[in-house]
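Chain by chain, the residues:
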Amino acid sequence: MAGLAAAFGSGAMTNSIEELEYTDLILATGTNTTENHPIIGMKVKRAVRQQGTKLIVIDPRKIDLVKYADIWLCQKPGTDVAVLNGLMNVIIAEGLYAKQYVEERTEGFDALKTTVEKYTPQYVEKISGVPAEDLKKAARLYAKANRASVIYAMGLTQHITGTDNVKTIANLSMLCGNVGIEGGGVNPLRGQNNVQGACDMGALPNVYPAYQPVANEDTRKKFETAWKATLSPKPGLTLVEMMNAAGTGQIRALYIMGENPLISDPDLHHVEKELKKLDLLIVQDIFLTETAKLADVVLPSASFAEKDGTFTNTERRVQRIRKAIEAPGEAKPDWEIISALASQIGYPLQYSSAQQIFEEITSLTPSYAGITYRRLEKEGLQWPCPTHDHKGTKFLHKDRFSRGRGLFHAIEFIPPAELPDAEFPLILSTGRVLYHYHTGTMTRRALGPSERYPESLVEINPVDAKKFGIADGQMVKVTSRRGMVEAKAQITEKSPVGIIFMNFHFAEAAVNILTNPALDPTGKIPEYKVCAVKLQAA
Amino acid sequence: MEKKILITIDGKEIAAKPGQTILECARDNGIFIPTLCHYSHTTNVGACRVCMVEVEKARSLVSSCCMPVSPGMVIHTDTKQVRDAQKMIVELLWSSGDHNCLTCEQNGQCELQNLIYWLKIEKPRFTIQPPGYALEDTNTMIQRDLNKCVLCGRCIRACNEIQVNEVLDFSMRGSHAKVGPAFDADYIDSSCVFCGECLQVCPTGAITYRQAKFAGRPWEMDKVKTTCTYCGVGCQMDLFVHEGKIVKVSGNREYGKPNEGSLCVKGRFGMDFISHPDRLKKPLIRHNKNEELKEASWDEAYKFIADKLTAVKKTCGADSIAGLASARCTNEENYLFQKFMRAAIGTNNVDHCARL
Ligand code: SF4
Ligand code: SF4
Ligand code: SF4
Ligand code: FES
């Protein structure tokens, strides 16, 4: 998000899901789309099979989409910047870039050009393992497409260089004039249903709703007036920083609504220790999650089917959820709990319905100003939607970037923080699988998905399996510098040699015991996609 | 302006769009032609011939779903010849299956049942001879009873053309034709990803929701339109509610963007967590660090939290308190949460798991 915001002035998905079905080329990188965003995966496959859309996949794993791709660039994990710089090297060297667009709508091209000069296909092959010829082919295919759309997900962002990766993909897209046009764009696919909305609503340490900075005095005054309170000008701590601050005693009380950091955070042993040091841990959730078990107070909340409200999907589309059934026992919608709690500590926050809260949101969030529950009745609306007669925005940066001119960032390749060595010879990459979601609290309590994917699997290439003497279906121990987990081996060509893959849905094989908490310095995203491990039969 | 094509349907003069089929043109003009194998957004295969109409000067009846309009066509949808042929087809389908509506989950929304009723058929003229396939109940999500299959091929086209999962096809031809994954495998033993698109398009009770079996009749259920709670696509869906419980989940083609009625396995079959016995039903408090969590009332819980938060704030300042909002909660709740942290507590220590 930080990467896109720096390049374009907005961190959101630039274009819409439907446009994937009428673009000329899709470049998918760091997204196992058919498993993590199946309906978007469906549209990509449809575009390829039925519209003749070209598909380039850049991914270390032989994901399902590879079957549909014209070109698959299989890079070593964590070498994305090198590969993308290599593509730009070819495109500039062969004069295939959108010269007029670059001149009229962007800045920073010269620095970019100088930087990518040394990323020749041969040099990139040495770093990434991607054959020089394939890289050239992909570069030409991408550059020659009239409209090309990039989709990416956590596979690009969960690296210490996550922000760099995103800036580089933004560079590539602007270089070929693909931002601000229908069917183009740079499109981060959000993993969880309302990540976009949570960001839009200011559930971030440095901004109020609609990304209005807390450090800006005028903005702060506006919110102080609206909320009738004195507000702090000091940006707060990010999630991983909070956990560390809990360890040092700087944070004494933590209120967690609907998250399960004990499974999702990197280096779990560390997180558990820090959480136990708190004076007060409040967890509000629908189940007694691993995190809730450590809490001093657990508050039962209503599920999405038991309340009204809105979610904002990955393409900025604000959509309604509607109450279908009653919550069990005394469970309540999260908003009712927050509002009661606020009154108890002497700051009345009273609302009669979710709709009333939404009305307050639209009065303080310019990009949502034109949206009402009534308008959402039939179909969702994509922000920015500034007025009541505005139809919503299908794609961003038309004619002009949010920040004015699109900004190229000259970025050098930096290797991942932890690389394999003699003791830990394999790379572990983590992610999701089709049948489960996040920390598994919901899908693991759903019969069908659990039947289809009942236990955690470690995906291992046949060559590695042979080397380490591991048979399909056998229990294995995976050990990193931070800990060890056991899970069942699945021998598959999906994992390339030297790389194993695990998901983080299963608490009993909590892969984040292994992962490296090294953070991207800007995005503060942990490096989930690369850490060094060893593999043994259990 | 593109040129219109002038045709006549049932005596009515109609300007059709070039490239339209007779069926599309009739539907646009409010003329009903029954169909069975036709399914929008998939190819027209002309498999069932239920949609046949009479076209003057044509040698035989034509399938309206496959036949493009041409200038001057004179079409009749409602002649004795058409109805007799339709009856014959439908009676053959009826008698070659085990269409026992008494216990069928599709009862009331079955397209075969509707056709039989619409064509006013009392009884098939042929002896009923179901093929005697075993019920496929080897997974917990989708049940298949191919004795109710009319071989329309909609499931195959949905799997290949809508979802592009490329799992289903016809195996064998002619009177032994059967739909299913390769090698006649059960879904659970195939590469099926349980999106349930085949189930959603099946016109009969051949493919049904296993867990919704005997859980409520179609007309007893309330339908609530909502947004999927799993990934960022935000699919629009219907929750089917019976006696305060969610019985099944379906896509709805009328809802349009972003998913046009399609869903994935999590959205369609992953919602039973809602009524799982593990759901938290009462607040819990741990009064002392070494004690267990104990049930409490809301008032106790609010007071416990308020006292502690106020104490921490007083001794260590507002910035010693932090909050994590949630990418799984609504916009309204996230907004309120950050307002609570910022205005009620007085800190900007608020974040969520977007980065994870
Ligand atoms: S559930 Fe989906 S993948 Fe499986 S057979 Fe049906 S349409 Fe194909
Ligand atoms: S299973 Fe249903 S959709 Fe598939 S061919 Fe048979 S009747 Fe048609
Ligand atoms: S149905 Fe599947 S693709 Fe659609 S929002 Fe839910 S999880 Fe995502
Ligand atoms: S609906 Fe036209 S042939 Fe089946």
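Note that the structure is a prediction, hence the values are computed from the model and not measured.

Visitor: Can you help me understand empty space enclosed by the protein in this one?
Guide: Unfilled space is identified by rolling a water-sized probe across the atoms. All names here are of chain A. Evaluated as defined, the whole model comprises 8 cavities of 30 Å³ or more. Its volume calculated, the largest cavity comes out at about 440 Å³. Taken together, 35 residues make up the lining of the largest cavity; nearest its centre are Gly30, Met154, Gly155, Thr430 and Lys529. Mapped onto the lining of the largest cavity, the elements with two or more residues apiece are helix 2 (33-36), helix 9 (154-157), strand 16 (426-431) and strand 20 (499-503). With 3 residues, the single largest contributor to the lining of the largest cavity is strand 16. Classifying every residue of the lining of the largest cavity gives 12 nonpolar, 16 polar and 7 charged. Composition of the lining of the largest cavity by domain shows at least three residues from each of domain 1 (2-189) and domain 3 (426-537). Taken as a whole, the second largest cavity holds about 170 Å³ of empty space.

Visitor: Could you clarify how one ought to interpret the layout of surface pockets in this entry?
Guide: Residue and element names in this part refer to chain B. Each pocket or cavity is described by its volume, and for the largest pocket that value is around 1100 Å³. Considering the residues around the largest pocket, the lining is formed by 39 residues, among which Gln106, Gln109, Glu111, Arg154 and Gln200 are closest to the centre. Of all the elements, helix 3 (residues 111-118) adds the most residues to the lining of the largest pocket, at 4 residues. Of the residues that make up the lining of the largest pocket, three or more belong to each of domain 1 (5-78) and domain 2 (137-275). Quantified by volume, the second largest pocket comes out at close to 900 Å³.

Visitor: Is there a simple way to explain the domain arrangement of chain A in this structure?
Guide: Reports of interface size often rely on the accessible area that becomes lost once the parts have come together. Taken domain by domain, chain A comprises domain 1 (2-189), domain 2 (195-382) and domain 3 (426-537). The centre of domain 2 of chain A, based on its C-alpha atoms, is set 30 Å off from the matching centre of domain 3 of chain A.

Visitor: How should helix 16 (residues 334-344) of chain A be read in this particular structure?
Guide: For the α-helix, the turn length of 3.6 residues means that residues three or four positions removed from each other point alike. If you check which residues of helix 16 of chain A are buried, you get Asp334, Trp335, Ile337, Ile338, Ser339, Leu341 and Ala342 of chain A. Buried residues along helix 16 of chain A sit in contact with strand 9 (253-257), strand 10 (280-285), strand 11 (297-300) and helix 17 (354-364) of chain A together with helix 7 (298-316) and helix 8 (331-345) of chain B. Count one or two residues on from helix 16 of chain A and you reach glycine 346 of chain A, which has phi positive near 90 degrees.

Thresholds applied
- Each chain carries its own residue numbering, running from 1 in the direction its sequence is written.
- Key to labels: chains lettered from A, ligands numbered from 1, both in the order written.
- Selection of residues for local features in this predicted model requires a pLDDT of at least 70, selection of side-chain atom pairs for listing and counting requires 80 or more, and totals for whole chains, interfaces and linings are taken over all residues.
- The basis for the side-chain values is all heavy atoms of the structure; hydrogens and waters are excluded.
- Residues are said to line a cavity or pocket when one of their atoms sits within 4 Å of a point; the points come from a 1 Å grid over protein atoms alone, cavities being sets where a 1.4 Å probe fits but cannot get out and pockets being open sets with protein on both sides within 12 Å along at least five of seven lines.
- Grid points are joined across faces, edges and corners, and a volume is the space filled by probe spheres set on the points.
- Labels follow the DSSP assignment, with helices taken as runs of H or I lasting at least four residues and strands as runs of E lasting at least two, numbered in each case from the N terminus.
- Three residue categories are used. Nonpolar comprises Ala, Val, Leu, Ile, Met, Phe, Trp, Tyr, Cys and Pro, charged comprises Asp, Glu, Lys and Arg, and polar comprises the others, including Gly.
- Segment limits for the domains were obtained from an automatic or database-derived domain assignment.
- Each residue is assigned to one of three classes by its accessible area relative to the maximum for its type, calculated with a 1.4 Å probe on protein chains only: buried under 20%, partly exposed between the two thresholds, exposed over 50%.
- Any two residues whose heavy atoms approach within 4.5 Å are treated as being in contact.

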